[in-house]
Amino acid sequence: DTAVSQTPKYLVTQMGNDKSIKCEQNLGHDTMYWYKQDSKKFLKIMFSYNNKELIINETVPNRFSPKSPDKAHLNLHINSLELGDSAVYFCASSQATLDSPLHFGNGTRLTVT
Amino acid sequence: AQSVTQLDSQVPVFEEAPVELRCNYSSSVSVYLFWYVQYPNQGLQLLLKYLSGSTLVKGINGFEAEFNKSQTSFHLRKPSVHISDTAEYFCAAQNSGGYQKVTFGTGTKLQVIP
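What counts and what doesn't
Residues numbered from 1 in each chain as written. Chains lettered and ligands numbered in written order. Predicted model: local features only at pLDDT ≥ 70, side-chain atom pairs only at ≥ 80, totals over all residues. Heavy atoms only, no water. Core = buried A, V, L, I, M, F, W, Y, C linked by side-chain atoms within 4.5 Å. Buried < 20%, exposed > 50% of the residue type's maximum accessible area, 1.4 Å probe, protein only. Helix = DSSP H or I, 4+ residues; strand = E, 2+ residues; numbered from the N terminus. Contact = heavy atoms within 4.5 Å. Buried area = accessible area lost by both parts, 1.4 Å probe. Salt bridge = Lys/Arg side-chain N within 4 Å of Asp/Glu carboxyl O. Polar contact = N/O pair within 3.5 Å; in protein donor to acceptor, adjacent residues only side chain to side chain. Phe/Tyr/Trp six-rings, centres within 6.5 Å; stacked < 30°, edge-to-face > 60°.

**Student:** Teacher, can you tell me more about the nonpolar core here?
**Tutor:** Nonpolar side chains tend toward joint burial in soluble globular proteins. Membership of the largest hydrophobic core comes to 28 residues, with the highest contact counts inside it found for B:Leu33, B:Trp35, B:Leu47, B:Leu48, B:Phe74, B:Leu76 and B:Tyr89. Looking at this core, the elements with two or more residues in it are strand S2 (10–14), strand S3 (19–21), strand S5 (31–38), strand S6 (44–50), strand S8 (64–68), strand S9 (73–78), strand S10 (87–95) and strand S12 (108–113) of chain B.

Structural data, given as structure tokens:
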């Protein structure tokens, strides 16, 4: 009964490829996010969706395209992968109130070679 | 916009000793403050949060934090650490208005030494 689950856990691919990461939450939350954690553990928000609507897009290259088919799912598609895209990507969800904490998935470690 | 500073990137401490992990924030508006813990190869988990009211908040695993508005700090403390507390700890802030957008500090690695 995992609350926020993302797949795959590991993703190794070559430069120039296109890949997707999937995320699902069963908490009934309205808001979902993608965060990127770099090699120094710095966490930065990429996107935020509220009830399938994009509300935050943090100057992420347009090679990254999120898609929310319903409020329980938020997928991340990455085109033309680059070496600098290597990181751990975390999906998270929360209630749609500002004082609500984030619930994170276990991350997808993306390695671009 | 808010910012969060964690000055200590690593904090080594002996088992059963007390520990304090420092966090300072800056914001032009009121903020909600959080501490999260990240164990190896896992996502972040909420330790505790400060929304309003009592400035001393207690969280899971024996941790507590004190909100100090005049010093714009939200330091995390535990009176006696265990080996299992070895993890990365992140302080985070959310503006009390506007969009839901949490800003994280750079993290502090707590290394508990047996």
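So much for the structure itself; the text now carries on.
**Student:** Hey, could you run me through the interface of chain A and chain B in this one?
**Tutor:** How big an interface is tends to be stated in terms of the accessible area lost upon association of its parts. In this complex, chain A contributes 27 residues to the contact, which on the side of chain B involves 24 residues. With both sides pooled, the region where chain A packs onto chain B buries about 2000 Å², and carbon together with sulfur makes up 58% of that total. On inspection of chain A and its partner chain B, the count reaches 1 salt bridge. The partner of B:Lys101 in a salt bridge is A:Glu58, and the shortest N-O contact between them spans 3.2 Å. The interface formed by chain A and chain B includes 5 residue pairs in polar contact (both at pLDDT 80 or more). At the level of secondary structure, the elements contributing two or more residues to the side of chain A that touches chain B comprise strand S4 (31–37), strand S5 (43–50), strand S6 (53–57) and strand S9 (87–94) of chain A. It is S4(A) that contributes the most residues to the side of chain A that touches chain B, 4 residues altogether.

**Student:** Sorry if this is basic, but what is going on with unusual backbone geometry here?
**Tutor:** Glycine aside, negative phi is the norm for most residues, and most peptide bonds take the trans geometry. A cis amide bond links A:Thr7 with the next residue in sequence, A:Pro8, at an omega value of 0°. The topology assignment puts A:Pro8 in the loop between strand S1 (4–7) and strand S2 (10–13). The backbone of A:Lys41 shows a phi angle near 75°, a positive value even though the residue is not glycine. Of note, A:Lys41 is situated in the loop between S4 and S5. Classification of A:Lys41 as partly exposed rests on a relative accessible area of 32%. The phi angle at B:Glu16 is positive, at roughly 75°, despite the residue not being glycine. Looking at the element boundaries, B:Glu16 is found in the loop between S2 and S3.

**Student:** Explain the packing of aromatic side chains to me, please; I cannot follow it from the model alone.
**Tutor:** Each pair of aromatic rings is reported with the distance of its centres and the angle of its planes. Residue and element names in this part refer to chain B. Enumeration according to the criterion identifies 14 aromatic pairs over all chains in this entry. Between Tyr25 and Phe67, the ring centres sit 6.1 Å apart and the planes meet at 25°, which makes this aromatic pair stacked. Separated by 42 residues along the polypeptide, Tyr25 in strand S4 (residues 24–26) and Phe67 in strand S8 bring together distant segments of the chain. Given a relative accessible area of 12%, Phe67 falls into the buried group. Considering the side-chain rings of Phe90 and Phe104, the 6.4 Å spacing of their centres and the 90° angle between planes classify their relative orientation as edge-to-face.

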